[in-house]
Amino acid sequence: GEDVEQSLFLSVREGDSSVINCTYTDSSSTYLYWYKQEPGAGLQLLTYIFSNMDMKQDQRLTVLLNKKDKHLSLRIADTQTGDSAIYFCAESPLYGQNFVFGPGTRLSVLP
Amino acid sequence: DTAVSQTPKYLVTQMGNDKSIKCEQNLGHDTMYWYKQDSKKFLKIMFSYNNKELIINETVPNRFSPKSPDKAHLNLHINSLELGDSAVYFCASRTSGHKNTEAFFGQGTRLTVV
């Protein structure tokens, strides 16, 4: 079955770039998502990428996908204190129902 | 308009009680989920329903029983509540199919069993 792994913690200084990494196991065509969860809140979709793409950019967010290594990363440029949150990587196979989350990376932005 | 709404937002109850959490989506989606988020913030899928039929049923105690009266609703009933059931429960919905379909999440129900 699908499995998604992430590092649990990341600290960066305000203004620096943050890179959050994720690995997945599903070998079928799949969609990969990044969600953000702020304290006490639900999950908010940030961006997504299909497994036949290499990169996607959306304002301060850049998603890079290495299909061979099944490695996904989310880069946040010019990280702000408001970016402090838990970031979840998630995977969903193209024709499947499952929607599997990684353990989440807690991003702390230091002033 | 709220896309995925859960009630109640907070639920405090004693061990041994039976409680229900309700979820409704107004997005016209055909698939709904229940996730449990534990104290370490790990999100685990519990159930998935597609067109009112149970599709995914992970290893969850049978004290948890989902009910989907129609495509827009997926309720979660929990019998004989235990301390370990304390968590935040998230409902989500999406459209199944062959193209990208993000999951939309409710705001969560924080269940505290005392």
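Structural data are supplied above this passage.
Computed from a predicted model, the values in this text were never measured in an experiment.

Quick notes on the rules
Residues numbered from 1 in each chain as written. Chains lettered and ligands numbered in written order. Predicted model: local features only at pLDDT ≥ 70, side-chain atom pairs only at ≥ 80, totals over all residues. Heavy atoms only, no water. Helix = DSSP H or I, 4+ residues; strand = E, 2+ residues; numbered from the N terminus. Buried < 20%, exposed > 50% of the residue type's maximum accessible area, 1.4 Å probe, protein only. Contact = heavy atoms within 4.5 Å. Areas by Shrake-Rupley, 256 points an atom, 1.4 Å probe, with all protein chains shown as cover. Buried area = accessible area lost by both parts, 1.4 Å probe. Salt bridge = Lys/Arg side-chain N within 4 Å of Asp/Glu carboxyl O. Nonpolar A, V, L, I, M, F, W, Y, C, P; charged D, E, K, R; others polar. Pairing = 2+ DSSP bridges. Axes fitted to C-alpha atoms, helices over the stretch in contact; angles between N-to-C directions. Core = buried A, V, L, I, M, F, W, Y, C linked by side-chain atoms within 4.5 Å.

1. Overview of the overall build of chain B
- Broken down by element type, chain B carries zero helices and 11 strands.
- Listed N to C, the secondary structure of chain B is β-β-β-β-β-β-β-β-β-β-β in terms of helices and strands.
- In terms of overall dimensions, chain B has C-alpha extents of about 45 × 30 × 25 Å along its principal axes.
- Counting the 114 residues in chain B, one finds 44% classified as buried.
- The contacts in chain B between residues at least 6 apart in sequence include a share of 53% that link residues at least 24 apart.
- If you sum the accessible surface of chain B, you get close to 5800 Å²; carbon and sulfur atoms cover 48% of it.

2. Points about the interface of chain A and chain B
- In this assembly, 22 residues from chain A lie in contact with 26 residues from chain B.
- Note on chain A versus chain B: buried area summed over both sides is about 1900 Å², and carbon and sulfur give 54% of it.
- Where chain A meets chain B, there are zero salt bridges.
- When contributions to the side of chain A that touches chain B are tallied by element, the ones reaching two or more residues are β4 (30–37), β5 (43–50) and β9 (85–93) of chain A.
- Tallied by class, residues from the side of chain A that touches chain B come to 15 nonpolar, six polar and one charged.

3. Considering the pattern of salt bridges
Residues and elements named next belong to chain A.
- Enumeration according to the criterion identifies six salt bridges over all chains in this entry.
- Between Asp83 and Arg60 there is a salt bridge, with its nearest N and O atoms 2.9 Å apart. One end of the pair, Asp83, is in the loop between β8 (71–76) and β9; the other, Arg60, is in the loop between β6 (55–58) and β7 (61–66), with 23 residues separating them in the sequence.
- Look at Asp83 and you get buried, because its relative accessible area is 7%.
- For Arg60, a relative accessible area of 32% gives the class partly exposed.

4. Focus on the sheet that holds strand β3 (residues 19–25) of chain B
All names here are of chain B.
- Taken in spatial order, the four strands make up an open sheet running β1-β3-β8-β7, and their pairing is antiparallel. Since the sheet does not close on itself, it has two edges, and those belong to β1 (4–7) and β7 (64–70), each with one partner. Direction aside, neighbouring strands of the sheet carry axes that sit 20° apart on average.
- As judged from the five bridges shared by β7 and strand β8 (residues 73–78), these two strands associate in the antiparallel manner. Looking at β8, one finds that Phe64 is bridged to Ile78.

5. Brief notes about the sheet that holds β8 of chain A
All names here are of chain A.
- Within the open sheet, the five strands sit side by side as β1-β3-β8-β7-β6. Their pairing is antiparallel. The strands lining the two open edges of the sheet, one partner per strand, are β1 (4–6) and β6. Averaged over all neighbouring strand pairs, the angle between strand axes comes to 15°, with direction disregarded.
- Sheet topology places strand β3 (residues 18–24) next to β8; six bridges connect them, and they run antiparallel. For Cys22, the partnering residue across the bridge sits in β8 and is Leu72.

6. A few points about the nonpolar core
- Core analysis: the biggest nonpolar cluster contains 21 residues, and Tyr35, Leu43, Phe99 and Phe101 of chain A together with Tyr35 and Phe105 of chain B have the highest contact counts within it.
- When residues of this core are traced back to their parent elements, those giving at least two are β4, β5 and β9 of chain A together with β4 (31–37), β5 (43–50) and β9 (87–94) of chain B.
- Membership of the second largest hydrophobic core comes to 20 residues, among which are Tyr24, Trp34, Val63 and Leu74 of chain A.

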